[in-house]
Protein chains: 2
Amino acid sequence: MREFILFSRGVTREFKLNDLPNAGRMDLIARCISTAIFLSFSLRKNVKFHVVLNGPPSPPLTVTFYTNELKNVSPDERNVASHINIAIKNFSMGKKNSEPGVYIDKKSFEELIKGKIKEYGNKNIFYLHKDGEDIKSVEMKIDSVFILGDNKGIPKKEEEFISRNKIKKVSIGGVEYLASQVIAIVNYEMDRRGL
Amino acid sequence: MREFILFSRGVTREFKLNDLPNAGRMDLIARCISTAIFLSFSLRKNVKFHVVLNGPPSPPLTVTFYTNELKNVSPDERNVASHINIAIKNFSMGKKNSEPGVYIDKKSFEELIKGKIKEYGNKNIFYLHKDGEDIKSVEMKIDSVFILGDNKGIPKKEEEFISRNKIKKVSIGGVEYLASQVIAIVNYEMDRRGL
């Protein structure tokens, strides 16, 4: 399984689809998900995308998109965001899985990563960061988890948690890209290796 | 200058920002532009993005985004699309440049490429296609023009024009990506070469 974990400031309430940037950069979040899960004419297989919403009013919430189960998702930001909105709405009524392949739970960034360390071991988890080791020289397996931050990055406390758990920092080069571009490039590097 | 030329079915009338997919996949177009022109916290320098709109009612129209002049553009699809909408609206009143860095003209895909051949020579123009030569073995210069199609690809007539003009087909690997993902990867390959 290829997995992505995005630390975001996305809001934890329903939001307006006509103004995604003011919902804690839900545009960025939707773009990242779309880039991670889609290929031309199809969804990728075996990809999980987790976004941790740390915005108001009741953070954290973690929303997961799982490509092997997803239905009726289109690559445009508005469509992807609408599925997050539905998940948030239904969670307030106690539902953790109201659409195929979309899950939501009251789980923090650290809890999520602890689970992934148990599942895969910390050697298969990578923190995408400009100061990391060049991805081209990093050994990766088909089971890999990639952690990244939104436009404001990952806060110090969470960064220290990553560091304490000996998760390797990996860089995709000297250029600072948009989060969605980082994801496209990581998928490309993995695809090129046949993973 | 790094330039992109997208052959699209985008509409040539004003459209609703709440339904970009039904405006000839204006979501795809906006996502391609955003991916091509933005870095984290800034616009790239020296990038021109041309989208040829071949949708109804009065094709073709070519809209160009030039990063050295652009202002007030955000990476979300809705914002990028709003600038295309403004360009279309103002063109109907005879204006070809109503916002800084955004140009529009009644120019076809073939006319646009003829101009680029004159400007750069056909050796610096590349057609991004799955059956092309692997980008990793293709020599490229800082002045490079990349041609790609939307979800429906480039029609036979235009493909024959490309072939007649001896424009090289270049591939980014065995996976068929979304057009916006292709652009992220091409920028990455160029960046990695320091171009």
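Residues numbered from 1 in each chain as written. Chains lettered and ligands numbered in written order. Predicted model: local features only at pLDDT ≥ 70, side-chain atom pairs only at ≥ 80, totals over all residues. Heavy atoms only, no water.

J.: Looking at this structure, I do not really get the packing of helix H1 (residues 26–37) of chain A against helix H2 (residues 77–91) of chain A. What am I missing?
T.: When two helices pack together, their arrangement is given by the angle between their axes and by how far apart the axes lie. Residues and elements named next belong to chain A. Two numbers describe how H1 lies on H2: the axes approach to 8 Å, and their chain directions differ by 100 degrees. The angle between the axes of H1 and H2 places the two elements in the roughly perpendicular class. In this structure, H1 uses Met 26, Asp 27, Ile 29, Ala 30, Arg 31, Ile 33 and Ser 34 to contact H2, whose residues at the interface are Glu 77, Val 80, Ala 81 and Ile 84. For the contact of H1 with H2, the per-class residue count stands at seven nonpolar, one polar and three charged. (Axes fitted to C-alpha atoms, helices over the stretch in contact; angles between N-to-C directions. Helix = DSSP H or I, 4+ residues; strand = E, 2+ residues; numbered from the N terminus. Parallel < 35°, antiparallel > 145°, perpendicular 65-115°, else oblique. Contact = heavy atoms within 4.5 Å. Nonpolar A, V, L, I, M, F, W, Y, C, P; charged D, E, K, R; others polar.)

J.: What's the story with the relation of the copies chain B and chain A in this structure? I'm lost.
T.: Both copies of the chain are related by a screw-like operation: a rotation about an axis and a shift along it. Once chain B is rotated about the relating axis by 180 degrees and shifted along it by 0.0 Å, it coincides with chain A to within an RMSD of 0.0 Å. The superposition of one copy onto the other is thereby described by a two-fold rotation axis. With an isologous cut-off of 70% or more, the 100% of interface residues of chain B that recur at the interface of chain A puts this contact in the isologous class. (Least-squares fit on C-alpha atoms with pLDDT ≥ 70 in both.)

J.: Could you clarify how one ought to interpret the packing of aromatic side chains in this entry?
T.: The geometry of an aromatic ring pair comes down to the distance between the two centres and the angle between the two planes. Residue and element names in this part refer to chain A. Counted according to the given criterion, the structure contains nine aromatic pairs over all chains. Ring geometry for Phe 7 and Phe 109: centres 5.2 Å apart, planes at 90 degrees, overall edge-to-face. With Phe 7 in strand S1 (residues 2–8) and Phe 109 in helix H3 (residues 109–120), this residue pair connects regions lying 102 residues apart in the sequence. Look at Phe 7 and you get buried, because its relative accessible area is 4%. Residue Phe 109 is classed as buried on the basis of its relative accessible area of 2%. Ring-pair connections join several aromatic residues into one group, and the members of that group are Phe 4, Phe 49, Phe 126 and Phe 146. (Phe/Tyr/Trp six-rings, centres within 6.5 Å; stacked < 30°, edge-to-face > 60°. Buried < 20%, exposed > 50% of the residue type's maximum accessible area, 1.4 Å probe, protein only.)

J.: Sorry, what's going on with the interface of chain B and chain A here?
T.: Interface size is commonly expressed as the accessible area that is lost once the parts come together. The interface is formed by 35 residues belonging to chain B together with 35 residues belonging to chain A. Taken together, chain B and chain A are joined by two salt bridges. When the shortest N-O distance is used, the salt bridge between Asp134(A) and Arg192(B) registers 2.8 Å. Counting every contact that joins chain B to chain A gives 19 residue pairs in polar contact (both at pLDDT 80 or more). The set of elements that each furnish at least two residues to the side of chain B that touches chain A consists of helix H1 (26–37), strand S2 (38–39), helix H2 (77–91) and helix H5 (179–192) of chain B. (Salt bridge = Lys/Arg side-chain N within 4 Å of Asp/Glu carboxyl O. Polar contact = N/O pair within 3.5 Å; in protein donor to acceptor, adjacent residues only side chain to side chain.)

J.: Just checking my understanding: could you explain the packing of H1(A) against helix H5 (residues 179–192) of chain A for this structure?
T.: All names here are of chain A. The interhelical angle for the contact between H1 and H5, taken along N-to-C directions, is 10 degrees, at an axis separation of 8 Å. As far as their axial angle goes, H5 and H1 are roughly parallel. From H1, Leu 28, Arg 31, Cys 32, Thr 35 and Ala 36 reach across to H5, where they touch Ala 179, Ser 180, Ile 183, Ala 184 and Asn 187. Considered class by class, the residues forming the contact of H1 with H5 number six nonpolar, three polar and one charged.

Nothing here speaks to function; it is all geometry.
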